[in-house]
Amino acid sequence: MPEIEPAALHRGLSEYFAGHQYDGLFIASLDHSPTEQLIGEKWHTSALILSAAVEHSALARELGQIANPLTCKLTKWTRANSHYKRRFCASLMSSLDRHRVMVFAISATEPSIAASEEHFIKELGGSQCYRRHLLDDRTRVSIGPLVNARTGEKHTVELSGNQAPMVLFIAHFLRRMHQEVQVALSAAAPMCVTWNFFADKPPNGAGGAFDRALAMLLGLSNPRGALRWGYFLEGDEIETDLLADNVAGLLNEIMRVPQRYTEEFSESAQLTSGLFYWERWET
């Protein structure tokens, strides 16, 4: 199937899942380019990669052999040379067509992310727990207090004013995609969908403010399933994590300098095994 437009995402997912058995459990990889805070860059891109049986590990190995003939392994996008990037770009869609892997991505300008802050937190169900304030003449954001349903403990997280909108942007995207997948899989009977994330360490490390804020936002009233997180100690060396890094880096670079990849990248490729979905937001 071709790249799926936002309005047709439900139909596309329903067609993708048809004829295959799923138990609702998926392994997920996630990464962002250039970073998880607003820093004056025009574009930011998040890439989510899902597979039911870690098929995206095989996809990462195949792309590593093509993009990097010397080591046959993927490398961080920011460290890659132009030859690596062009080979990865030219092979992404054809390799995806050979693996049962779903790629969801979103690219947005910084102004569109900042302007959507109130919309994001409202849809996530946390409007009453989200407050901006000044601390030492710097904008800070408090999220909380939220109550741990298991222990009854109350938690509040403090973030910088530049990082908070990106946490909302990422959480909102993940919740929307999770809902779309859950609804598509529940066509015959209701199904809970769990995504187990294995990713590079987040900003400030596991258990830091970014990590806790994202976990809190994704845990707000979600009866459709769970998004669970685990982190690699050496994310720069894990093939599935590098795959998400490369996809996010490539798509963000396409938005910044589209003429660089006009011949190599075909987002309208006909896919029979994989799925590719990419949203673009610009104010």
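Residues numbered from 1 in each chain as written. Predicted model: local features only at pLDDT ≥ 70, side-chain atom pairs only at ≥ 80, totals over all residues. Heavy atoms only, no water.

*Asks:* What is the right way to read the sheet that holds strand S2 (residues 43–51) from this model?
*Replies:* Sheet strands pair by backbone hydrogen bonding; their relative direction is either parallel or antiparallel. Here six strands make up an open sheet; going across it, the order is S8-S7-S1-S2-S3-S9 and the pairing mixed. The strands lining the two open edges of the sheet, one partner per strand, are strand S8 (225–231) and strand S9 (275–281). Strand-to-strand, the axes of this sheet are offset by a mean angle of 20°, without reference to chain direction. (Pairing = 2+ DSSP bridges. Helix = DSSP H or I, 4+ residues; strand = E, 2+ residues; numbered from the N terminus. Axes fitted to C-alpha atoms, helices over the stretch in contact; angles between N-to-C directions.)

*Asks:* So what exactly am I meant to see when it comes to the sheet that holds strand S4 (residues 130–135) here?
*Replies:* Strand order across the open sheet formed by three strands is S4-S5-S6, with antiparallel pairing between neighbours. This sheet does not close on itself; its edge strands, each paired only once, are S4 and strand S6 (154–160). Each neighbouring strand pair of the sheet contributes to a mean axis angle of 30°, computed without reference to strand direction. Across six bridges, strand S5 (residues 138–147) lies against S6 in antiparallel orientation. For Val 147, the partnering residue across the bridge sits in S6 and is Lys 154.

*Asks:* Could you clarify how one ought to interpret the packing of helix H2 (residues 55–67) against helix H8 (residues 239–256) in this entry?
*Replies:* Two quantities define a packed helix pair, namely the angle between the helix axes and the distance between the axes. Across the interface, H2 lies against H8 with an axial gap of 8 Å and an inter-helix angle of 70°. Viewed along their axes, H2 and H8 adopt a mutual orientation that is roughly perpendicular. For the pair H2 and H8, the crossing hand works out as left-handed. Listed contacts from H8 to His 56, Ser 57, Leu 59, Ala 60, Arg 61 and Leu 63 of H2 are Glu 239, Thr 240 and Leu 243. A breakdown of the residues in the contact of H2 with H8 according to their chemical character gives four nonpolar, three polar and two charged. (Parallel < 35°, antiparallel > 145°, perpendicular 65-115°, else oblique. Left-handed = near helix turned anticlockwise from the far one by under 90°. Contact = heavy atoms within 4.5 Å. Nonpolar A, V, L, I, M, F, W, Y, C, P; charged D, E, K, R; others polar.)

Geometric values such as these leave the question of function open.
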